[in-house]
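Below, each chain spelled out in residue letters.
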2 protein chains.
Amino acid sequence: MERCGRQSFWFRQEPGICSWASIAGRKEGQGPLADRFDQVLTDDHLGQASWEQAEKKLQERSLELALEKIGKGRFWVQLVVGGDLLNQCVATSFALRDQPLPFLGVYGACSTMAESLLIAGMAVSGGAAHTAAAITSSHFATAERQYRLPLVYGGQRSPSAQWTATASGCVLLTREPQSIRLESATVGKVADWGITDAANMGAAMAPAAFETILTHLEDLGRGPEDYDLIVTGDLGQLGSSLLLDLFDRQGVSLTHSHRDCGAMLFSPARQDVHAGASGCGCSASVLCSELLGRMQEGTLRRLLFCATGALLSPLTSQQGETIPGICHAVSIIRED
Amino acid sequence: MERCGRQSFWFRQEPGICSWASIAGRKEGQGPLADRFDQVLTDDHLGQASWEQAEKKLQERSLELALEKIGKGRFWVQLVVGGDLLNQCVATSFALRDQPLPFLGVYGACSTMAESLLIAGMAVSGGAAHTAAAITSSHFATAERQYRLPLVYGGQRSPSAQWTATASGCVLLTREPQSIRLESATVGKVADWGITDAANMGAAMAPAAFETILTHLEDLGRGPEDYDLIVTGDLGQLGSSLLLDLFDRQGVSLTHSHRDCGAMLFSPARQDVHAGASGCGCSASVLCSELLGRMQEGTLRRLLFCATGALLSPLTSQQGETIPGICHAVSIIRED
């Protein structure tokens with residue numbers, strides 16, 4: 001790898017993306033990306049006794065699906081990098097207990113898919129592993145119970161709130177040459193512009209996305225026009241408009257190149273999710289359905305994938321803290 | 001880097017350890033390693049309004065101390081990899097909010113220091129960063145409140161329980177040649193042998209330590225005699241005896257080369273901590289005091305550092321789950 005600028009590096013030996021898979025819950029499967037997912041659940045419990053066990057199953061299944069597509073068994077994977085939103089990241093740890101593979105657990109809130117790709121990419125590019133999986137999940141019911149209220153309370157949601165996606169995505173990387181590859185990455189810094197409303201995560205994360213994308217472009221000497229798509233995940237509708245506004249003030253227009261996973265997963269007209277989707281599984285499942293699907297079809301060739309996370313905990317909010325955000329960016333290219 | 005065996009790799013360009021620092025709480029500062037710590041707290045609150053803010057300060061301070069030793073400012077650091085035990089890893093995230101540096105958050109419970117070193121080492125060895133910091137913390141009061149009971153309840157502790165260390169350790173890595181270097185690493189798998197007693201973490205983690213150390217030795221074609229010291233962190237007294245027993249059954253004696261950070265931090269005779277110390281800060285502070293101190297003095301030249309973590313959450317225990325463990329190993333050598 002080659003360090004570049006303040007926060008970025010090039011994958012000199014570019015890790016190839018040889019497979020990916022997404023799995024989505026019932027509601028997610030009724031949205032605009034319905035046909036893109038590898039599997040849509042009919043039962044968000046996945047036959048398990050608890051929501052947490054269901055989320056664990058999501059991860060197991062998305063890894064299995066990604067491996068099935070290339071006809072490989074799980075021992076093909078030399079390293080798994082992944083995480084989730086649950087306290088102590090138990091969805092991932094327990095999924096990897098029952099599929100024992102070398103495992104590095106990461107926590108970046110909803111930025112976890114980009115962080116996992118970045119670390120798995122470093123391992124593959126540098127030679128520490130010949131193959132690796134990046135995997136994350138989230139589940140609406142586990143997140144609501146942990147961060148807000150148990151579902152049975154029927155609490156009313158704020159208009160700025162986002163809907164935690166029930167979904168998982170898995171990307172498989174290899175040192176073998178592939179047409180779709182990781183090209184570069186920018187490691188995010190924690191950004192905190194003083195937002196305190198835990199029901200407005202888009203606003204809390206937009207500054208981090210702004211800083212990371214701007215730094216990425218500066219570090220690599222690029223402009224937005226160098227990408228077909230700059231995708232954040234998951235600012236939702238409100239955070240996305242803040243991001244575009246922040247870039248406008250810099251004299252940089254992101255309007256034509258920007259989309260947001262949180263705004264792509266659900267249909268605002270047909271699905272009542274307020275400000276959009278969120279959760280580690282949101283950006284992961286959008287990447288592993290629509291985005292990599294379009295790259296495979298050739299209608300998307302240069303993608304900047306910028307997953308965003310809000311690094312609060314219920315406790316920090318109770319203690320009156322503001323909400324720090326982070327955003328990691330990975331550029332993914334298709335070159336035949 | 002060069003992949004080696006099932007779970008290991010060599011750092012071909014070996015990341016140099018150019019500085020380290022440790023900070024320990026009052027009780028930790030009364031133990032056998034008292035003279036080794038860079039700073040011992042007189043007030044475990046660190047003048048903060050909450051224990052969580054105190055833990056955040058621990059991390060800020062250990063990073064500052066490590067940088068001060070080599071006369072560098074914080075912008076010398078191109079990447080920080082770190083984590084802690086708090087829900088959503090907020091000690092680290094908030095520490096990195098106030099010292100904004102490129103940051104990858106990881107979660108490996110008490111194995112986090114080895115995982116952070118391993119990932120930071122991959123970044124430096126592979127060229128993604130020229131310098132990096134690996135940092136973790138734990139705090140007795142935040143851990144008791146989150147995992148067990150608030151301190152003011154005065155709950156009685158089980159004889160097999162370990163005492164979460166109030167401590168932080170930080171290691172600085174560089175591509176510049178150093179006599180103390182990371183040599184190789186083994187990424188752990190999740191191991192779960194069915195332990196359900198959350199007050200006996202040593203037993204839950206011993207199988208992971210056993211599997212990782214055994215795999216490390218097999219992958220690299222080594223025996224215990226190839227290391228001056230194989231240090232686990234933090235099995236405590238009970239977990240350590242289980243580990244030695246597991247190796248004995250393999251016909252491998254670890255008795256002379258093994259020590260455990262959880263058993264090193266406190267004095268069993270003088271300090272009432274039951275089965276020893278634990279917490280991400282335990283192995284980190286022992287590494288960054290006694291162990292790297294001895295490497296600097298030249299009395300220790302070949303160290304296998306194997307931090308161990310129990311990947312449970314209070315919720316998984318409530319749901320009747322067993323306790324999975326993980327252990328990552330990093331070999332650290334001194335060659336002048």
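Basis of the calculations
Residues numbered from 1 in each chain as written. Chains lettered and ligands numbered in written order. Predicted model: local features only at pLDDT ≥ 70, side-chain atom pairs only at ≥ 80, totals over all residues. Heavy atoms only, no water. Salt bridge = Lys/Arg side-chain N within 4 Å of Asp/Glu carboxyl O. Helix = DSSP H or I, 4+ residues; strand = E, 2+ residues; numbered from the N terminus. Buried < 20%, exposed > 50% of the residue type's maximum accessible area, 1.4 Å probe, protein only. Domains from an automatic or database assignment. Contact = heavy atoms within 4.5 Å. Buried area = accessible area lost by both parts, 1.4 Å probe. Polar contact = N/O pair within 3.5 Å; in protein donor to acceptor, adjacent residues only side chain to side chain. Disulfide = S-S within 2.5 Å. Phe/Tyr/Trp six-rings, centres within 6.5 Å; stacked < 30°, edge-to-face > 60°. Least-squares fit on C-alpha atoms with pLDDT ≥ 70 in both. Nonpolar A, V, L, I, M, F, W, Y, C, P; charged D, E, K, R; others polar.

### A few points about the pattern of salt bridges
Side-chain pairs of opposite charge can arise whenever the charged atoms involved come near each other.
Residue and element names in this part refer to chain B.
Step number 1: Per the stated rule, a full pass over the model turns up 44 salt bridges over all chains.
Step number 2: Taking the shortest distance from any N to any O, the salt bridge between arginine 12 and glutamate 2 comes out at 3.8 Å. Taken together, the residues span a long stretch of sequence, with arginine 12 in the loop between strand E2 (8-10) and strand E3 (16-24) and glutamate 2 in strand E1 (residues 2-4) at a distance of 10 residues.
Step number 3: Note on arginine 12: relative accessible area 61%, which makes it exposed.
Step number 4: Residue glutamate 2 is classed as partly exposed on the basis of its relative accessible area, which comes to 38%.
Step number 5: Of the charged contacts in the structure, one is a salt bridge between arginine 36 and glutamate 290, with a shortest N-O distance of 3.2 Å. One end of the pair, arginine 36, is in the loop between E3 and strand E4 (39-40); the other, glutamate 290, is in helix H8 (residues 280-297), and 254 residues separate them in sequence.
Step number 6: The exposure class assigned to glutamate 290 is buried, which follows from its relative accessible area of 14%.

### Considering the domain arrangement of chain A
Residue and element names in this part refer to chain A.
Step number 1: Domain boundaries assigned for chain A yield domain 1 (2-174) and domain 2 (180-334).
Step number 2: Between the C-alpha centres of domain 1 and domain 2 the distance comes to 17 Å.
Step number 3: The interface of domain 1 with domain 2 comprises 60 residues on the first partner and 68 residues on the second.
Step number 4: The largest contributions to the domain 1 side of the interface with domain 2 come from Gln7, Arg36 and Gln162, which together make up 15% of the buried area.
Step number 5: Linking domain 1 with domain 2 are 4 salt bridges.
Step number 6: Measuring nitrogen to oxygen at the nearest pair gives 2.6 Å for the salt bridge that ties arginine 181 to glutamate 14.
Step number 7: The interface formed by domain 1 and domain 2 includes 28 residue pairs in polar contact (both at pLDDT 80 or more).

### What to know about the state of the cysteines
Residues and elements named next belong to chain A.
Step number 1: Applying the stated criterion to the full structure yields 0 disulfides over all chains.
Step number 2: Cysteine 4 carries a free sulfur, and the closest cysteine sulfur to it, the one in cysteine 306, is 15 Å from it.
Step number 3: Residue classification places cysteine 4 among the buried residues on the basis of a relative accessible area of 11%.
Step number 4: With no disulfide of its own, cysteine 18 has cysteine 170 as its nearest cysteine by sulfur position, at a separation of 9.6 Å.

### Brief notes about the environment of B:Asn87
Step number 1: Looking at the element boundaries, B:Asn87 is found in the loop between strand E5 (80-83) and helix H2 (90-98).
Step number 2: Along the sequence, B:Asn87 and B:Arg222 sit 135 residues apart, while their C-alpha atoms lie 38 Å from each other.
Step number 3: Sequence-distant contacts of B:Asn87, that is, excluding residues within four places in its chain, are made with A:Asn87, A:Gln88, A:Ser313 and B:Gln146.
Step number 4: For B:Asn87, the side chain forms a polar contact with the side chain of A:Gln88, separated by 2.9 Å.

### Quick look at the packing of aromatic side chains
Step number 1: Inspection of every chain in the model, using the stated rule, returns 8 aromatic pairs over all chains.
Step number 2: When the centroid spacing of 3.9 Å and the interplanar angle of 0 degrees are considered together, the rings of A:Phe140 and A:Trp163 count as stacked. With A:Phe140 in helix H4 (residues 140-147) and A:Trp163 in strand E8 (residues 163-164), this pair connects stretches of sequence that are 23 residues apart.
Step number 3: A residue is classified by how much of its surface remains accessible, and A:Phe140, at 12% relative accessible area, is buried.
Step number 4: Ring geometry for B:Phe9 against B:Phe11: centres 5.1 Å apart, planes inclined by 80 degrees, an arrangement best described as edge-to-face. With respect to class, B:Phe9 is no different from B:Phe11; both count as buried.
Step number 5: Here the aromatic cluster, defined as three or more aromatic residues joined through ring pairs, consists of A:Trp193, A:Phe210 and A:Phe247.

### Regarding the relation of the copies chain A and chain B
Step number 1: Superposing chain A onto chain B takes a rotation of 180 degrees combined with a translation of 0.0 Å along the rotation axis, leaving an RMSD of 0.0 Å. Look at the turn and shift together and you get a two-fold axis relating the two. Taking C-alpha positions as the reference, the residue of chain A nearest the rotation axis is A:Val106, at 1.9 Å.

### Quick look at the side chain of A:His139
All names here are of chain A.
Step number 1: Along the polypeptide, histidine 139 turns up in the loop between strand E7 (131-138) and H4.
Step number 2: Given a relative accessible area of 2%, histidine 139 falls into the buried group.
Step number 3: Each residue touching histidine 139, except ones within four places of it in the same chain, is listed here: Asp44, Trp51, Ala54, Glu55, Leu58, Thr164, Ala165 and Thr166.

### Notes on the interface of chain A and chain B
Step number 1: Facing 60 residues of chain A, the contacting portion of chain B comprises 60 residues.
Step number 2: Between chain A and chain B, a total of about 4,600 Å² is buried, with carbon and sulfur atoms accounting for 61% of that surface.
Step number 3: The three residues of chain A that bury the most area against chain B are A:Arg3, A:Gln88 and A:Arg97, which together make up 16% of that side's buried surface.
Step number 4: Our count for the contact surface shared by chain A and chain B stands at 4 salt bridges.
Step number 5: Residues of the side of chain A that touches chain B, tallied by class, amount to 31 nonpolar, 19 polar and 10 charged.

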